[in-house]
Amino acid sequence: MNYEEIRQAAKGRTQKCRVCRICDGKACAGEIPGVGGKGTGSSFIRNAEALKNVRLRMNALTGIVKADTSADFFGHPVSLPVYAAPITGMKPQYGCEFTEKVYAQVVLEGSRLAGTYAFTGDGKDLSFFKDPLDVMDETGFEGIPTMKPWEKKGRDIRTDLLKGRNLLALATDIDAAGLLFLRDADPKITNLSPEDLTDLKKMIAPAPLIVKGIMTPESALAAIKAGADAIVVSNHGGRVLDDAQGTVEVLKEIADAINGMCKIFVDGGFRTGADVFKALALGADGVLIGRPVVIAALGNGAEGVKTYFEKIRTELTEVMIMCGASNIQEINYSMIHEIK
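Residues numbered from 1 in each chain as written. Predicted model: local features only at pLDDT ≥ 70, side-chain atom pairs only at ≥ 80, totals over all residues. Heavy atoms only, no water.

1. Things to note about the overall build of the protein
Scanning the protein from N- to C-terminus turns up twelve helices and twelve strands. Relative to the globule expectation of 20 Å for 340 residues, the C-alpha radius of gyration of the protein, 19 Å, shows essentially globular dimensions. Per element, the accessible surface of the protein, about 14,100 Å² overall, is 51% carbon and sulfur. (Helix = DSSP H or I, 4+ residues; strand = E, 2+ residues; numbered from the N terminus. Rg over C-alpha atoms; globule rule 2.2 N^0.38 Å. Areas by Shrake-Rupley, 256 points an atom, 1.4 Å probe, with all protein chains shown as cover.)

Structure below.
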């Protein structure tokens, strides 16, 4: 199946997502539970629209023979610098029959078949965090667990589950602090402090710590000082704060401030290989993609996820050839034009 066939197949397997041909947040604006952005949906929509204001500078007179999309994830080779974003809530958010464990198995397997990795999620029910770990144990497919910003009680429960594991990395999505229903849970989420990040880093060392939900240079520098090995420029897919800046709008400013001190990933509205190229040119080391990966999984399981990543890789290769980059390291700001 090609990706369009996979997308069509997914339409009958989700009751909440419309499986739009262009996934830009407009049709589902404000639909939470569901896949839309919070409030008016402007933050999800802005993520997608900001990418349109970054144009590619075509340069075909380069003599490039081939373009190599391979990259590195903390010493582990990947076929392209694109990863599955952490998503949970298959039934409440997508209205589908996937259990959390089934989705975890599908996305972990599909990502590895494509030569990359998946970030797995977390939630009010501890099983949302634990089930993907069980899948990793049962299948051997590695992934990156993502922990919500729990108060110490919640962090301790989850780090206990990680003991003895050879982690690729651990992520924490600090932007989930805006999910009010989890601020009343037991344990509850909170706004993590830099000291909390330092404690979390000590608990998982020597594994890398990835802090997801960074939207300002100040937050980025504070995360690095606290021990973060990487950040994810993210506004939680536009689901936690209406009228927030788009991730592409702040990416270069953050990358310039960090100046190579840690890895930078970004998410929010990335859908094509051209989008990935733009992110890399703006200073990112990699891109996380969420909603379309779920659709690929619903449409054709692990093979669907693999097909989607292969589509992104082909598109990225084409853009690299036409913009003058023979490998990922050669992609730079001179290859794009930002419309201010």
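On we go.
2. Regarding the nonpolar core
By size, the foremost hydrophobic cluster in this structure holds 96 residues, and its most contacted members are Ile 231, Val 233, Phe 277 and Val 293. Excluding residues within four positions of it along the chain, Ile 231 makes contact with Ile 210, Val 211, Ile 214, Ala 220, Ala 223, Ile 254, Ile 258, Cys 262, Lys 263, Ile 264 and Phe 265. Of all hydrophobic cores here, the second largest spans 16 residues; its members include Ala 71, Tyr 83, Leu 168 and Phe 265. (Core = buried A, V, L, I, M, F, W, Y, C linked by side-chain atoms within 4.5 Å. Buried < 20%, exposed > 50% of the residue type's maximum accessible area, 1.4 Å probe, protein only. Contact = heavy atoms within 4.5 Å.)

3. A short note on helix α10 (residues 247-258)
Along its twelve residues, α10 runs 16 Å from first to last C-alpha, staying within 8% of the 16 Å computed at 1.5 Å per residue. For α10, the set of buried residues is Thr 247, Val 248, Val 250, Leu 251, Ile 254, Ala 255 and Ile 258. Buried positions in α10, seen along its axis, are confined to an arc of 150° and lie on one side of it. (Expected span 1.5 Å × (residues − 1). Arc of directions from axis to C-beta.)

4. Considerations on the packing of aromatic side chains
Overall, the coordinates contain ten aromatic pairs when judged by the stated rule. Between the aromatic rings of Phe 73 and Phe 74, the centroid separation amounts to 5.1 Å while the plane-to-plane angle is 85°, which identifies the pairing as edge-to-face. With relative accessibility at 0%, the residue Phe 73 sits in the buried group. Ring geometry for Phe 73 versus Tyr 83: centroids 5.2 Å apart, planes at 50°, classification tilted. With Phe 73 in strand β2 (residues 71-73) and Tyr 83 in strand β4 (residues 82-84), the pair connects residues that are ten residues apart, well separated along the chain. For the pair Phe 73 and Tyr 83, a shared accessibility class is recorded, and that class is buried. The rings of Phe 73, Phe 74, Tyr 83, Tyr 117, Phe 119 and Phe 265 are connected pair by pair, giving a single aromatic cluster. Residue placement shows Arg 112 over the ring face of Tyr 117; its charged tip is 4.2 Å from the ring centre. Sitting over the ring of Phe 44, Arg 291 keeps its end group 3.7 Å from the ring centre. (Phe/Tyr/Trp six-rings, centres within 6.5 Å; stacked < 30°, edge-to-face > 60°. Lys NZ or Arg CZ within 6 Å of the ring centre and 35° of its normal.)

5. As for the sheet that holds strand β9 (residues 230-233)
Spatially, eight strands are ordered β4-β11-β10-β9-β8-β7-β6-β5 in an open sheet, and the strand pairing comes out parallel. A strand with exactly one partner marks an edge of an open sheet, and here the two such strands are β4 and β5 (119-120). In this sheet, strand β10 (residues 263-266) lies alongside β9 in parallel orientation, the contact comprising four bridges. Bridge assignment links Ala 230 to a residue of β10, and that residue is Lys 263. On the sheet, helix α5 (residues 127-139) packs against β5 and β6 (144-147) and is oriented at approximately 170° with respect to β6. Contacts from helix α9 (residues 217-226) reach β8 (209-214) and β9 within the one sheet, and its direction differs from that of β8 by about 165°. (Pairing = 2+ DSSP bridges. Axes fitted to C-alpha atoms, helices over the stretch in contact; angles between N-to-C directions.)

6. Let's talk about the pairing of β6
Covered by surrounding structure in β6 are Ile 144 and Thr 146 together with Pro 145 and Met 147, the residues of both alternating faces. The sheet contact formed by β5 and β6 spans two bridges and is parallel. Directly across from Thr 120, in β6, lies its bridge partner Pro 145. Examined bridge by bridge, β6 and strand β7 (residues 170-173) share two bridges and lie parallel to one another. Bridge pairing in β7 links Met 147 to Thr 172.

7. Some remarks on helix α2 (residues 42-52)
For α2, the buried fraction is high: eight of the eleven residues fall into the buried class. Here α2 has its buried residues at Ser 42, Ser 43, Phe 44, Ile 45, Asn 47, Ala 48, Ala 50 and Leu 51. The inward-facing, buried residues of α2 abut β1 (54-56), α10, α11 (273-281) and α12 (291-323).

8. Considerations on the side chain of Thr 172
Structurally, the position occupied by Thr 172 is in strand β7. Every residue in contact with Thr 172, bar those within four places of it in the chain, is listed here: Thr 146, Met 147, Lys 148, Pro 149, Leu 192, Leu 197, Leu 200, Leu 209, Ile 210, Val 211 and Lys 212.

9. Comments concerning unusual backbone geometry
The amide bond that connects Asp 186 to the next residue, Pro 187, takes the cis arrangement and shows omega of 0°. Considering the arrangement of structural elements, one finds Pro 187 in the loop between α7 (180-183) and α8 (194-204). For the bond from Ala 205 to Pro 206, the omega torsion is 10°, close enough to zero to count as cis. Note that Pro 206 resides in the loop between α8 and β8. At Phe 74, a position not held by glycine, the phi torsion is positive, near 50°. In this fold, Phe 74 is placed in the loop between β2 and β3 (76-78). The backbone of Asn 259 shows a phi angle near 55°, a positive value even though the residue is not glycine.

10. A word on the packing of α11 against α12
Relative orientation of the contacting elements α11 and α12 amounts to 60°, with a least axis distance of 7 Å. When the interaxial angle is binned, α11 and α12 end up oblique. In the crossing of α11 with α12, the sense of the turn from one axis to the other is right-handed. Counted together, Gly 273, Ala 274, Val 276 and Phe 277 of α11 and Ile 312, Glu 315, Leu 316, Val 319, Met 320 and Cys 323 of α12 form the full contact between these two elements. Per-class residue counts for the contact of α11 with α12 are eight nonpolar, one polar and one charged. (Parallel < 35°, antiparallel > 145°, perpendicular 65-115°, else oblique. Left-handed = near helix turned anticlockwise from the far one by under 90°. Nonpolar A, V, L, I, M, F, W, Y, C, P; charged D, E, K, R; others polar.)

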